[in-house]
Structures are given as C-alpha cells and as structure tokens.
Amino acid sequence: MADPSSYRPRPGEIPDTPGVYRFRDEHRRVIYVGKAKSLRQRLANYFQDLANLHPRTRTMVTTAASVEWTVVSTEVEALQLEYSWIKEFDPRFNVKYRDDKSYPYLAVTMNEEFPRVQVMRGHKKKGVRYFGPYGHAWAIRDTVDLLLRVFPVRTCSAGVFKNAARTGRPCLLGYIGKCSAPCVGRISPEDHRDLADEFCDFMAGRTGAYLRRLEKRMTEAAEEMEYERAARLRDDIGALRKAMEKSAVVLADATDADLIAVAEDELEAAVQIFHVRGGRVRGQRGWVTDKVEEITTGALVEHALQQLYGEETGDAVPKEVLVPALPEPVEPAQEWLTGRRGSYVSLRIPQRGDKKALMETVQRNAQQALALHKTKRASDLTTRSRALEEIADALDLDSAPLRIECYDISHLQGDDVVASMVVFEDGLQRKSEYRRFQIKGFAGQDDVRSMHEVISRRFKRYLAEKERTGEWADGEEPGADGGAVPADTGAAPADAGVLRADTAVTPAGTGAAPTDTTTEPTAPAGAVTGAAATVSGPLPAVDPAEPAPLTPSASDDPLATPVNGSLKDDDGRPRKFAYPPQLVVVDGGQPQVAAARRALDELGIDDIAVCGLAKRLEEVWLPGEDDPVVLPRTSEGLYLLQRVRDEAHRFAITYQRAKRAKRFRAGPLDDVPGLGETRKQALIKHFGSVKRLRSATIEQIQEVPGIGRKTAETIAAALAQAAPAAPAVNTATGEIMEDEEPETTAGSSGEPVTAGPPDERRGQET
C-alpha cells in the first residue's frame, strides 16, 4: 500500500487549467482516469487526509504509485480525451458499465442491388438503414415475419440468393408469398427497391397513410366483388396493426429521443435507456456499474452518455436526450453530443407531460434491474469467494489466489505442438491476458518437456519486465538463469515466440487467428503532459500490430520489442507477462507439475504456487508429493479448477487446429516474401494453376497487374526451388491427371488435391 504523499506533486507543478489526469500503480498500469476544469483544484482533493476521503477513493490513492496529467484547451477536449483513455486503458477504478451483449438492430441493406432485411449487431455500415436497438433478436424476427406478408422484401443471405438464381427456383418464402423472389426475376430491381423503401417508411413511423391506402383498396375490391383480394388485404391490415401494437405510440409529434434513468445505492448503479424513434419505443437496453469512487448521479449520467454515444455519429445520436440529472457543468457534454450528431442536441430533465411520465417508467425499470442484479451478484460473489478460499486451504496457500494461470499442451501425433496460457482473475476469465505458444525447442511429442519450455519462456519474460521497470529489490540482480534482458540491449529472449490472442474478435472455438490492432489514443495538439507538466506535442500513435506469424523468430517475435522503442508501457497499456500469478495450474499429473516447478526453480522464482489437475480422476497434484489432493466432487474450488483447465484445453486445441489447417492449405506461393493474398489471387486467375505459373517466364509473370520485375524474379526463384506437387486427382472419379492441372482457387494457394490416403492425418488430438 503506497503513501499518497510519496508521489504527491510539489506545490506549483499542477497547472490551474482544464485537463485529464491518470493514476498509475506500481506496475505503471493506469488504474484511474479523470478530467477536471481545474487540474490543480481537482488533484488537491486526492491528497488530503486519508480519513476524509471516501473509502473507494482512499483505496484508489493508496493503490496508485504515481499521477500524471495532460493539459487541454477546453472542457470538451477533456471529455473526448477522457473517453478515449478509458476505452484504451480500461482502468480498474473507473466507472465501467457491464453490458455483456451487443444489442441487435433491424437493418435494411439499401446499399445492395436487392435490399435485404436482416438482424445486425456491432458497428454500423454505410448505406444500411437501422431501426432499434431491440432487447432481443426474436422481437425483430417476430416483427419482420408480420411485415413480410405486406412487404415481401428479400431476407436471404447472399449464398442462398445466388444458389436460387443459379437453379431458377426460389426459397420457401418465395413459394408462400413472404418474398417477392427477385432471385428468379419475379420482380424488377426497381420495384423491389420501392418495396424496401415502403418497408423502411413503415418502420420509421409513417404508418397512418399506408394503412388508409390499404383500407381504401380493400373497400374497392369488396365493391368489385373481388372478395379473395379483399380478404387478403384485410389480413394484411391486421398484420400491420399487430406489428404496430408491439411498439405503441408513447410520445406525440414523431419525437426522436433517448431517455436515460439511473437507480443507485452506495455500491452499484443501474442505468436504463429507452430509445424512442418516431414517437414509439423502438428499443431498450441497460447496464450495471460498480461505484468504485464517490460519484454523483450527474457524473453517472455523463459516463453513460460516453458509453452510449462514444462510437456513434449522425442520426444515431437523437435530437433530444432526457436524463434524471445533468452533468456539472452541462455545456461540455451538450457540446460534445452536438458534435457527434452534427446538429444541435437538447440535453435536459423532463419536467411535465408525457415525457416525464415515460421517464418515470424508465426509472422503475432501472430500479428493478438493480434489484435483480444485486440478487444474482450476491450469489455469484459468494460462490467465487468460497471457491478461491477452498483452493487456498487445499493447497496450503497464504492467501486466496486472485490471479490463476493455467497451461495446456496440444498436438496431433507430435505435429504442430502448441501451448496455451489462460488467466482467471478473481475467479473470472481475463481473456485479454490469454497467450499462445509454439514449441520450438525440439520436435516431436513430449508433453513434459513442452511444459518445461513454456513455463520457462513465460517467466523469463516476467523477469525481463521486472528488470526493465526497475522492480528488483535493492542489491538484487537477475541470475544467469533468470532470462532477464540486459537494459542496454532491449533484446527479448530469443525463444519468446508467443502469439497474442485478442478475444474481443475471436469467438470461442472458431479457430480464427486473432490479431491485436489497438492503437494509442492521441491527445489534442499542443497538450502538456507528464507528472512534472512537461510540454509536449500530440501523443504519438502506435501503428497497429501486424498479424503475428506462425513461426516467429527472435527478430519478429511480437514480444521482442526494444526496451526504449515502444510507448505502450509508458502510456499504461498492460505489459505482456508483467504480472505474476499467485497460482500456476497445469493440465496434467505429477510429471507435468514437476516440470513446471523445475522451470520456476531454475529461474529462482519461489513465491508462485504450482499444481496440476489430472483429467481422469480430477485429482490435484502438488510438486514433490507422492499422493494427490482430492477435493470433494461438490467443491466450488474443484469446479473453478475444472473451468480453468477446460478453458486452457479449449484455447490450445483451437489454436492447434487453426495452425494445422493453415499448414494443410499452404502452397508454394505462401513462401514468396512480400506476396499478399490479393496478388496471389491475381496470379492464379491469370495463369489458371501453379503448374502453368511455374513454367512461365519472368516477362510473362510481369504481365499480371501489380507484379513488377523484382517480384516476378522472386516468384520464379521460389517456384523453381519448390518441389513440384504430386499428381492432381479428380476427387469425383479418382482419375490422376498428369498432363493438365485443374484450375484452383487462390484460397488454396493454387495447390490441387494431391494423391494420398484420405485418413493418413487422422489421429488423436490432445
């Protein structure tokens, strides 16, 4: 626990101007970001007598080890920079709204030749009209199902559409009258677009005129004794009215507004938002936050506005935002919203009438959401705390293991040997800390040796980070086996070939190779930044990281960054492998545990506990013990260890399968340096196959757009060195085609299907 007086700035150092400040902990990790109209007055509040501080504020200032600030010219700039840094650094003491899902929208792709109606989530795309958000995707599908009877717009995917166009047969919706079947030419592109425009008009709230037009047509059909057409129009009107009932009018004059309500207690706050478009409630969403500092309702509203509109522009920001309390001061927030929309936005508290009545409804929803969350949270906190305590008791630890790391090895009969590292903090997954390893020290199948290599590499990086940041105790130096990098070289260990996983973009089990493309936020020009208020220009942006190669060397290792060559650490982003766990769990029994313990001992690390969880009997093994620790089957501690172990296994096998699949798809063109996917496709399209490309001259290769002479020479040399592929096989007939290669797609890197037993690669995955 740090003493705030040890890092308090000297009198006169803090400027009396608007700005944004950051508190960092002893690991240089940003733990709190705030803004102020006067940095001097605001920061002075943190360095008063600890007894006078709010308990959560007191915890924050005693956890921090330093403070720094950036001066900006206006309060609006401070609001923008605060939002950017909170999104970037994810400070633990800032208000964070836990919203575990992206809310679905009803989208109409007006940018396509035949617009499609579908459910969409995530970032909004240009040329697509959005309606919502909705609380559930099924609510959108129910509405669309009713409206397709009247507006039979296309809803199928591009693949289904192309297949129907190829076969000349529409899908089921085309046969039952819920699609106008543009895929087979039943309707022209112009008429189908008109139909999509009518659908959008109806969803936008212009319903009265359309219903009156349908009623008139129904009456005319009845007068002309076309009773079947009249009955169909009657049913259409009923479907539209039923769809309208799902979003009843709550505000007159086609009002577009968002209503935000807050329910709070001393520890937590719940935020509820109603989205009103065209006078109708189109969607509802909610968040819950921990109040990690003393904060007013107005400040909670300001954080909610940042969360809600920080990534939105244009019409996504409504003309009117109704709140229970205004931020103090209100002008910067209102000016910021106006800038996001591009026109004036009214931010106010409703005083009377329908808007005040609707706000009371939103407030009741917020209170119910907070009550429900507290009921669930109490049970969840109790369970996780009990699990950690049981693990600490069973393993004889001094304290509960708040950070647990688990390692697993995966391979296929000794090929593509990889390892995974997953992290649980306070009993919850910390996916941003997950890491993937390739085993490079040897070839073949040896789980024990692989585990020793992975543990050694991970904790060599920890020791290197510890030395870089000057965290060695007085008189302490890293030993010869410590693997620490000398401070004057900046070189990382040559074997630290680790690929970082960004789970924000990699769904579980997809096998996709994630990349880290986060960039540093940029401060306004002319900013003054630093603990001593040193003058600087804009904060430099860090280029997005390139996708990590599957066989990294010491030079291209994404972790082997120079000590003084990256600003990521200095700007507070988490340093890779910088934070040690209290407990290391390995997937395996006594041999794997012994290998992990031996690796730590060789590095001189003796303050990290190690255990292993064997799959067969779910026994917990400890280093140097002949008998395992057996936890009760109903133990919450055992359940947590199983979750950690299973997550490590899932993460490892997903990476191993993706790596193996990429190797199977590899071809001669993949070995050509500087040749990307686009130019590969252009080469295959031009020559038809790798065989024809291999026999082409340099001048002929240069005929491909984007291929210069130097690249053509490189391609010719690489193909000349590569061994010719095995004879191509017609997979339908089994015929070996010696003379002519079939045309191949660029997705397979130009390689035909080669002869060989179809199951020669099948084996047991571990």
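The shown structure was predicted, so the numbers you read here are calculated from the model rather than taken from an experiment.

**Side note on the overall build of the protein chain**
A tally of regular secondary structure across the protein chain gives 19 helices and 24 strands. The buried share among the 766 residues of the protein chain stands at 47%. Summarising the internal contacts of the protein chain: among those between residues at least 6 apart in sequence, 66% fall at separations of at least 24. Of the roughly 37400 Å² that the protein chain leaves accessible, carbon and sulfur atoms contribute 49%.

**Looking at a nonpolar patch on the surface**
On the surface, a nonpolar cluster with roughly 370 Å² of combined accessible area is contributed by Leu 172, Tyr 175 and Ile 176. One can find Leu 172 in helix H6 (residues 172-175).

**Structural notes on a negative patch on the surface**
Judged by side-chain charge, Glu 113, Glu 190, Asp 191, Asp 194, Asp 197 and Glu 198 come together as a negatively charged surface patch. Looking at where Asp 194 falls in the secondary structure, it is placed in helix H7 (residues 189-203). Judged by relative accessible area, which is 43%, Asp 194 ranks as partly exposed.

**Observations concerning unusual backbone geometry**
The linkage connecting Glu 328 with the following residue, Pro 329, adopts the cis geometry, with an omega of -5°. Its location among the elements puts Pro 329 in the loop between strand S11 (320-322) and helix H11 (331-341). Residue Ala 181 is not a glycine yet carries a positive backbone phi of 55°. Overall, the relative accessible area of 1% leaves Ala 181 in the buried class. For Asp 426, which is not glycine, the phi dihedral falls at a positive 55°. The topology assignment puts Asp 426 in the loop between strand S14 (415-425) and strand S15 (428-429).

**Topic: the environment of Gln 284**
Examined against the element boundaries, Gln 284 turns out to sit in strand S10 (residues 280-290). Assessed through its relative accessible area of 30%, Gln 284 is described here as partly exposed. Sequence separation between Gln 284 and Val 362 is 78 residues; the distance between their C-alpha atoms is 9.3 Å.

**What to know about the pattern of salt bridges**
This model, assessed by the stated rule, comprises 29 salt bridges. Arg 24 is the salt-bridge partner of Glu 68, the closest N and O atoms lying 2.8 Å from each other. On the criterion of sequence distance, the pair formed by Glu 68 in strand S3 (residues 66-71) and Arg 24 in strand S1 (residues 19-24) is long-range, its members being 44 residues apart. Here Arg 24 falls in the buried class, since its relative accessible area comes to 0%. Look at the salt bridges and you will find they share partners, linking Arg 403, Glu 405, Glu 425, Arg 430, Glu 433 and Arg 458 into a network.

**Details of the pairing of strand S16 (residues 435-438)**
Where burial is concerned, the two faces of S16 agree: the one with Arg 435 and Phe 437 and the one with Arg 436 and Gln 438 are both buried. One ladder, built from 4 bridges, connects S14 with S16; its direction is antiparallel. For Ala 419, the partnering residue across the bridge sits in S16 and is Phe 437.

**With respect to the sheet that holds strand S5 (residues 105-108)**
Within the open sheet, the 3 strands sit side by side as S6-S5-S7. Their pairing is antiparallel. Taken across any chain shown, the strands that pair with only one partner, and hence form the sheet edges, are strand S6 (117-120) and strand S7 (129-131). On average, each strand axis in the sheet is inclined to that of its neighbour by 35°, with strand direction left out of account. Relative to S7, S5 is paired through 3 bridges, and the arrangement is antiparallel. Among the inter-strand pairings, Ala 107 is bridged to a residue of S7, identified as Tyr 130. Strands S5, S6 and S7 of the sheet are contacted by H7, whose axis makes an angle of about 150° with S5.

**Things to note about the pairing of S14**
Buried residues dominate S14, accounting for 9 of its 11 residues. The pairing of strand S13 (residues 403-412) with S14 spans 9 bridges and is classified as antiparallel. Bridge pairing links Cys 406 to Val 422 in S14. As consecutive antiparallel partners, S13 and S14 are separated by 2 residues, and within that stretch Gln 413 has a phi angle of approximately 50°, a positive value. Summarising the sheet, S14 and S15 pair through 2 bridges and their orientation is antiparallel. Paired with Glu 425 across the bridge in S15 is Leu 428. Turn length for the S14-S15 hairpin, with the two strands adjacent in sequence and antiparallel, is 2 residues, and the turn residue Asp 426 shows positive phi of about 55°.

**Observations concerning the packing of aromatic side chains**
The tally for this structure, following the rule as stated, stands at 13 aromatic pairs. Here the aromatic rings of Phe 151 and Phe 199 are separated by 6.1 Å at their centres, their planes lie at 90°, and the arrangement is edge-to-face. A residue pair is termed long-range when its members are at least 10 positions apart, and Phe 151 in the loop between helix H4 (137-147) and helix H5 (158-167) and Phe 199 in helix H7 qualify at 48 residues. In this structure, Phe 151 and Phe 199 share a single accessibility class: buried.

**Some words on the packing of helix H3 (residues 75-89) against H11**
For the pair H3 and H11, the least separation of the axes is 9 Å and the interaxial angle reads 70°. As judged from the angle between their axes, H3 and H11 are roughly perpendicular. As for how H3 packs across H11, the hand of that crossing is right-handed. The residues of H11 that touch H3, namely those facing Glu 75, Val 76, Leu 79 and Gln 80, are Pro 332, Ala 333, Glu 335 and Trp 336.

**A short note on the side chain of Ser 689**
Locating Ser 689 in the fold gives a position in the loop between helix H16 (677-687) and helix H17 (690-694). Here Ser 689 falls in the buried class, since its relative accessible area comes to 1%.

**Side note on the packing of helix H13 (residues 447-468) against helix H14 (residues 590-602)**
Running from N to C, H13 and H14 cross one another at 35°; their axes reach a closest spacing of 8 Å. As for the relative orientation of H13 and H14, their crossing is right-handed in sense. Between H13, through Asp 447, Val 448, Met 451, His 452, Ile 455, Ser 456 and Phe 459, and H14, the contact on the second element is made entirely by Pro 591, Gln 592, Ala 595, Ala 596, Arg 598, Ala 599, Leu 600 and Glu 602. Its residues assigned to classes, the contact of H13 with H14 shows 9 nonpolar, 3 polar and 3 charged.

**As for the confidence of the model for the protein chain**
Overall, the predicted model of the protein chain reaches an average pLDDT of 75, with 74% of residues at or above 70. For the protein chain, the element scoring lowest by mean pLDDT is strand S19 (residues 534-535), at 34; strand S20 (residues 583-587) scores highest, at 93. Long-range and interchain partners of residues 473-568, a stretch whose pLDDT sits below 50, account for 180 contacts in this model, where long-range means more than four residues apart. Considering only residues more than four positions removed or in separate chains, one finds that residues 738-764, a stretch of pLDDT under 50, has 64 contacts.

**Things to note about helix H10 (residues 297-309)**
Its 13 residues give H10 an end-to-end C-alpha distance of 18 Å, which sits within 8% of 18 Å, the value for a rise of 1.5 Å per residue. Most of H10 sits out of view: 10 of its 13 residues are buried. Regarding H10, the residues found buried are Gly 298, Leu 300, Val 301, Glu 302, His 303, Ala 304, Leu 305, Gln 306, Leu 308 and Tyr 309.

**Some thoughts on the side chain of Glu 320**
Along the chain, the position of Glu 320 falls in strand S11. Among residues more than four places away in sequence, those in contact with Glu 320 are Thr 255, Asp 256, Ala 257, Asp 258, Ser 346, Arg 348 and Lys 355.

Scoring rules and cut-offs
- Residues numbered from 1 in each chain as written.
- Predicted model: local features only at pLDDT ≥ 70, side-chain atom pairs only at ≥ 80, totals over all residues.
- Heavy atoms only, no water.
- Helix = DSSP H or I, 4+ residues; strand = E, 2+ residues; numbered from the N terminus.
- Buried < 20%, exposed > 50% of the residue type's maximum accessible area, 1.4 Å probe, protein only.
- Contact = heavy atoms within 4.5 Å.
- Areas by Shrake-Rupley, 256 points an atom, 1.4 Å probe, with all protein chains shown as cover.
- Patch = residues over 30% accessible without salt bridge, like charges linked within 9 Å, V, L, I, M, F, W, Y side chains within 5 Å.
- Salt bridge = Lys/Arg side-chain N within 4 Å of Asp/Glu carboxyl O.
- Lys, Arg positive; Asp, Glu negative; His and termini not counted.
- Charge placed at Lys NZ, Arg CZ, Asp CG, Glu CD.
- Pairing = 2+ DSSP bridges.
- Axes fitted to C-alpha atoms, helices over the stretch in contact; angles between N-to-C directions.
- Phe/Tyr/Trp six-rings, centres within 6.5 Å; stacked < 30°, edge-to-face > 60°.
- Parallel < 35°, antiparallel > 145°, perpendicular 65-115°, else oblique.
- Left-handed = near helix turned anticlockwise from the far one by under 90°.
- Nonpolar A, V, L, I, M, F, W, Y, C, P; charged D, E, K, R; others polar.
- pLDDT = per-residue confidence, 0-100.
- Expected span 1.5 Å × (residues − 1).

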